[in-house]
Amino acid sequence: MKISVFGAGYVGLVAAACFAESGNTVIAVDIDQKKIEGLKNGIIPIYEPGLKELILRNQSEGRLSFTTDMVEAVEQSLIQFIAVGTPPGEDGSADLQYVLAVGRTIGQHMNGFKIIVDKSTVPVGTADKVRLAVQEELEKRSSHLEFDVVSNPEFLKEGAAIDDFMKPDRVVVGTDNVRTAEIMKELYDPFMRKQSRMIIMDIRSAEMTKYAANAMLATRISFMNQIAGLCERMGADVAAVREGIGSDSRIGYDFLFPGPGYGGSCFPKDVKALIRTAEESNYDFLLLKAVEEVNELQKEVLANKLIKTLGSADEEQPLTGKIVACWGLSFKPRTDDMREAPSLTIIERLLAAGATVRAHDPEALAEAKKHFGDRIEYSTNQYEILDNADALTVITDWHEYRNPDFDRIKAALKQPLIVDGRNLYKPNRMKETGIRYIPLGRAGNGISEAN
Ligand code: UDX
């Protein structure tokens, strides 16, 4: 099949590369000349495991090409994926100007039947707006060409995007046209495994599914973060509680890990957008507002623990003279993405409290420099930043932090202290090391340091 993907961002690049990998001819389009030039020369603008190899292979085999020429992209392909950004506006609602601009471009240049697929995360009702934008352009041309608008939300996780796309749990397609549903089935057939499901539904439900999925996952995280807070105060261990509740097949084990708050490009943005959508319908989404508020508070927890443990009586700058080493800056492992990362709030809080902050991250140091400049120290060596520091705090659960050299940590730190925002270490093992260990919600193990 011939496919054009508008928007060579995260979702667009992954989709373009994976569709090409299954034999389709794919044109990836972007208005950013520099990005497209780079891609033509094998420079991939984002870090995602496996993506570069996939792009280079399909490019060299002639199935994947990059262009800034919108007209060519519209004319050449039957299926037109819209994967441009939908940044949050000031009020938290998704800004649709880029999505609608692509719709208008398609309307201006289409030369036959087109299937226009919304892949960007867009609020309920967007497909209707895209349809209208295309229709208006066709009317200006006095054209009666036919087209279909489909909602096909993306459920990729950063760091596992290629795998998620190639082996999806489910593919959701919202369409009101049987013929289009068949074409979409054919397109996704190569990716379907025994366990995968293709779910065809009406357009608005498909649009809602994406937000509902992310809002539900964010809710689980905020819920567990509060259970962890309560465990600390009640002498219980959140890790045991997770085992206990996860064994109920209605609940399951996934996405029940307490942490320093969820971040990234999806959860914070989508939760805000759904609250906003509800408001526009005069509906008060009380639960989601609480999910968001809990998350904001959770981003303060690690800094609070550090201040409580290390801080002086100075109310303004209790960490003056203290050095805090941070492991992990990206919002999650295997990405350099720091959008809405809890590390941003935590480090700002530590700096405001007067601390000297040193940071290590396997991928995100360049990104971090954009935020903090020379206000913090950086190192590509996770142990180097520990020398003479007062504490180590673990913010992101990168693999290299899971089984560290505790002797080395103990020798390097002034008074050995780890504040662990990811519960990476076994409390019993930590007692043996002689390092003071403060995880999240594990008072049942004798660690009862609530913030
Ligand atoms: C998410 C969704 O998982 C994906 O389906 C959607 O398409 C986009 O948003 P992503 O943002 O890449 O993907 O990351 P994810 O692995 O879901 O993690 C999101 C955040 O939640 C991270 O900050 C992570 O640390 C946090 N998290 C996740 C927890 O704090 N606890 C958990 O148990 C799981």
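- The name an unreviewed UniProt entry assigns to the chain is UDP-glucose 6-dehydrogenase, from the organism Trichlorobacter thiogenes.
- UniProt annotates the chain under Function (unreviewed entry) with the comment "Catalyzes the conversion of UDP-glucose into UDP-glucuronate, one of the precursors of teichuronic acid."
- Looking at the chain in UniProt, the text filed under Sequence similarities (unreviewed entry) is "Belongs to the UDP-glucose/GDP-mannose dehydrogenase family."

## Describing the nonpolar core
- By size, the foremost hydrophobic cluster in this structure holds 39 residues, and its most contacted members are Phe19, Ile55, Phe81, Phe165 and Tyr188.
- For this core, the leading source of residues is helix 1 (residues 10-21), giving nine residues.
- Discounting residues that sit within four places of it in the chain, Phe81 has contacts with Ile3, Ser4, Val5, Phe6, Phe19, Val117, Lys119, Asn152, Met184, Leu187 and Tyr188.
- By size, the runner-up hydrophobic cluster in this structure holds 33 residues, among which are Val301, Val324, Ala359 and Ala364.

## Comments concerning the UniProt feature "active site" (unreviewed entry) in the chain
- What UniProt calls "active site" (unreviewed entry) maps, in this numbering, to Cys266.
- For Cys266, the position within the fold is in the loop between helix 10 (238-246) and helix 11 (267-280).
- Those residues in contact with Cys266, other than ones at most four positions away along the chain, are Asn214 and Val271.

## Here's the deal with helix 1
- Helix length check: helix 1 (12 residues) gives 17 Å between terminal C-alpha atoms against 16 Å at 1.5 Å per residue, within 8%.
- Burial analysis of helix 1 places 10 of its 12 residues in the buried class, the great majority of the element.
- Regarding helix 1, the residues found buried are Tyr10, Gly12, Leu13, Val14, Ala15, Ala16, Ala17, Cys18, Phe19 and Ala20.
- A positive phi of about 105 degrees marks Gly23, the residue just after helix 1.

## Brief notes about the site of the ligand
- In the vicinity of the ligand lie 18 residues, with Leu156, Glu158, Phe257, Cys266 and Arg422 positioned nearest.
- Here an oxygen atom of the ligand sits 2.9 Å away from a polar atom, N or O, in the side chain of Lys332.
- Contact distances for the ligand include 2.8 Å between an oxygen atom and a side-chain N or O atom of Arg422.
- For the ligand, whose free accessible area comes to 660 Å², the fraction covered by protein is 91%.
- At three residues, helix 9 (residues 203-234) tops the list of elements feeding residues into the shell around the ligand.
- Per-class residue counts for the shell around the ligand are 10 nonpolar, two polar and six charged.

Quick notes on the rules
- Residue positions within a chain follow its written sequence, with the count starting from 1.
- Only residues with pLDDT of at least 70 get local features here, since the model is predicted, and only at 80 or more are side-chain atom pairs given and counted; chain-wide, interface and lining totals rely on the full set of residues.
- In computing side-chain properties, one takes all heavy atoms of the structure into account and sets aside hydrogens as well as water.
- UniProt positions are given in the numbering used here, feature names are shortened, and annotations may be inferred rather than shown by experiment.
- By nonpolar core is meant a set of buried Ala, Val, Leu, Ile, Met, Phe, Trp, Tyr and Cys residues that side-chain atoms within 4.5 Å join together.
- Throughout, exposure labels follow a simple rule: accessible area from a 1.4 Å probe, protein chains only, divided by the maximum for the residue type, with under 20% read as buried, over 50% as exposed, and the rest as partly exposed.
- Numbering of helices and strands runs from the N terminus; a helix is a DSSP stretch of H or I covering at least four residues, while a strand is a stretch of E covering at least two.
- Any two residues having at least one pair of non-hydrogen atoms within 4.5 Å are treated as being in contact.
- What a helix is expected to span follows from its residue count: subtract one and scale by 1.5 Å.
- We define proximity as follows: a residue is near a molecule or strand when any one of its heavy atoms falls within 4 Å of that partner.
- Any pair of N or O atoms that falls within 3.5 Å is considered a polar contact. Within protein, one atom must be able to donate a hydrogen and the other to accept it, and sequence-neighbouring residues count only if both atoms are side-chain atoms.
- Surface accessibility in these figures is a Shrake-Rupley result with a 1.4 Å probe; residues are shielded only by whichever protein chains are displayed.
- Three classes are used: nonpolar for Ala, Val, Leu, Ile, Met, Phe, Trp, Tyr, Cys and Pro, charged for Asp, Glu, Lys and Arg, and polar for all others, with Gly counted as polar.

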